[in-house]
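Each chain, written out:
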Amino acid sequence: MPQEEIFDVIIVGAGAAGLTAGIYSSRAKLSTLILNEGAIGGQMVLTEEIANYPGVDTKKGYMLANTMKMQAKQFGCKIKSGLQIKSYDLEGEVKHFVLDDGREFSSRAVILTPGGRPRSLGIPGEESFKGKGISYCATCDGEFFTGKEVVVVGGGNSALEEAVALTSYATRVTIVHQFDHFQAFKHAVEQAEKNPKISFIMESELRSFKGDGVLQEVTMEHLPKGKITTMRTDGVFIFAGYIPNTEDLDGIVELNERKEIVTDTDLKTNLPGVFAAGDCIVKKYRQVTTAVADGTIASLSAAEYLRS
Amino acid sequence: MRHLSTNLHEFESAAELENYINENENVMVCCGRMGPMCIPVYGVMEELEEERENVKFAVMAFDSPEAGIIRNDPACRGFMGLPFTMYYKNGQAAHATSSIQNMQQVTTILDEQFGA
Ligand SMILES: Cc1cc2nc3c(=O)[nH]c(=O)nc-3n(C[C@H](O)[C@H](O)[C@H](O)COP(=O)(O)OP(=O)(O)OC[C@H]3O[C@@H](n4cnc5c(N)ncnc54)[C@H](O)[C@@H]3O)c2cc1C
């Protein structure tokens, strides 16, 4: 494959952070390429409605993502999506990427914004019953469970809010959570606790999914006693938190014990010319606004690095 | 009237879909809404449309009464996750999936059903 041009900036990921970095970099007349693996917009397209993005009325997540994509493109940012990066060489002055289809790209600065993804349980049956009883989105699939009994896995805000939403369809919702307390905000816990259709199984984890073509039962372990039980259910909704998409970067840039990218306040990583932004970095609050702010800072830092 | 905001061809009637799958050897149709599980699949299809000339890509709105042609297809029995994605070969359903699929999952099915 012929070597393509050397870009000023290559951004890895086209979520809120990557698209913002793309807007800022291309508007600063830096030749900018975004390499993206999944859907453009990242987690924004997983979000039904975004009501807390300042200056914008409540908007569908995909629409906010589309606007950001159009803005980046209008300033000349190139976006290549639906691809997989096979190898990264980020150490030298020129950074180098090879895709799994053999295409190669180079740049003088890099901004890593691979974000995060929903944590799957990784237990037997999960992949085969996806869409046949296992779901990750109550808004999308709740109606398929009208008049049925479902399990919700997780103890954060998403799990409790989605469990309450599911009671509009299901006759019974059982929340299974690994700890003896919830991580969700108090009001979300209260809403769930006062709903007569919701019951709780605490300190327990699912171990397998079983069924004949469609999901029919789950096995779970009560953690303090190690006791395994089986429960019949029509569906399981999994909201078990998010993990950073940094597996491919392990050993390439510095990560912490939770596999988040370590940066300084200018969002520089341990490698010169390599910056990181958004949900993938070490930080406490993960929102569209914080990802957008990070994308801005990383892009301005990259521009300063290129000038020097 | 179009219901789905994608760059893909959208079927508005069951008859149109039937004609299309009979006139084209390999067709992938994603039947969904503008929701979090469906949009990533449309994105994958938009990317693939440029490079897979042997396959026609299209969408259909899940809530349209006309989409019964997909919702009630025997290949979708037991499906409980949006979107319902159909792969048609010579007018016949060759494969179907329920719920979100990534690029790798879609390309594997396309390779298996329609050839690389
Ligand atoms: C269900 C849900 C609801 C939410 N609701 C809200 C809300 O109401 N308000 C709010 O402010 N925030 C909300 N958030 C959080 C917010 O969406 C995220 O914090 C923010 O979108 C993160 O942006 P990001 O760019 O850092 O990462 P992401 O959005 O995760 O984007 C990363 C992108 O990089 C791609 N990628 C990953 N790995 C690679 C790789 N190796 N190579 C190339 N590309 C790669 C991914 O496919 C993705 O497109 C919600 C999140 C979820 C999941």
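Quick look at the structure, then. (Residues numbered from 1 in each chain as written. Chains lettered and ligands numbered in written order. Predicted model: local features only at pLDDT ≥ 70, side-chain atom pairs only at ≥ 80, totals over all residues. Heavy atoms only, no water.)

1. Describing the packing of aromatic side chains
- For the structure shown, the criterion picks out ten aromatic pairs over all chains.
- For the ring pair F11 of chain B and Y20 of chain B, a centre distance of 5.0 Å and an interplane angle of 70° mean the geometry is edge-to-face. The pair formed by F11 of chain B and Y20 of chain B is uniform in burial state, with each residue classed as buried.
- Both rings, one in Y87 of chain B and one in F114 of chain B, keep their centres 6.4 Å apart while their planes meet at 50°; by these two values the pair is tilted. Pair noted here: Y87 of chain B is in strand β4 (residues 84-89) and F114 of chain B is in helix α4 (residues 103-114), with a separation of 27 residues, a long-range link.
- Feature note: the residues F144 of chain A together with F62, F79 and F84 of chain B constitute an aromatic cluster, connected by ring pairs.
- The ring of F62 of chain B has R71 of chain B sitting right over it, with the charged end atom 5.6 Å from the ring centre. (Phe/Tyr/Trp six-rings, centres within 6.5 Å; stacked < 30°, edge-to-face > 60°. Buried < 20%, exposed > 50% of the residue type's maximum accessible area, 1.4 Å probe, protein only. Helix = DSSP H or I, 4+ residues; strand = E, 2+ residues; numbered from the N terminus. Lys NZ or Arg CZ within 6 Å of the ring centre and 35° of its normal.)

2. Considerations on the pairing of strand β5 (residues 92-98) of chain B
All names here are of chain B.
- One ladder, built from six bridges, connects β4 with β5; its direction is antiparallel. The residue of β5 that forms the bridge with K89 is Q92.
- Following β4, the chain reverses through two residues before pairing antiparallel with β5; N90 in that reversal takes a positive phi of roughly 50°. (Pairing = 2+ DSSP bridges.)

3. Considerations on the environment of R117 of chain A
Residue and element names in this part refer to chain A.
- Locating R117 in the fold gives a position in strand β9 (residues 116-118).
- Separated by 127 residues in sequence, R117 and P244 have C-alpha atoms that sit 6.6 Å apart.
- When residues no more than four places from it in sequence are discounted, the contact partners of R117 are G241, Y242, I243, P244, N245 and E247.
- One polar contact links R117 to N245, side chain to side chain, over a distance of 2.7 Å. (Contact = heavy atoms within 4.5 Å. Polar contact = N/O pair within 3.5 Å; in protein donor to acceptor, adjacent residues only side chain to side chain.)

4. Let's talk about the interface of chain A and chain B
- At the interface, 24 residues of chain A touch 22 residues of chain B.
- Between chain A and chain B the total buried area reaches about 2000 Å² when both faces are included, carbon and sulfur atoms providing 62% of it.
- The largest share of the area that chain A buries against chain B comes from Y62, K130 and F144 of chain A, three residues that together contribute 26% of it.
- Where chain A touches chain B, the interface holds one salt bridge.
- Linking E143 of chain A and R33 of chain B is a salt bridge whose minimum nitrogen-to-oxygen distance equals 2.9 Å.
- The interface formed by chain A and chain B contains seven residue pairs in polar contact (both at pLDDT 80 or more).
- When contributions to the side of chain A that touches chain B are tallied by element, the ones reaching two or more residues are α2 (61-74) and α3 (138-141) of chain A.
- Across the side of chain A that touches chain B, the residue classes tally to ten nonpolar, six polar and eight charged. (Buried area = accessible area lost by both parts, 1.4 Å probe. Salt bridge = Lys/Arg side-chain N within 4 Å of Asp/Glu carboxyl O. Nonpolar A, V, L, I, M, F, W, Y, C, P; charged D, E, K, R; others polar.)

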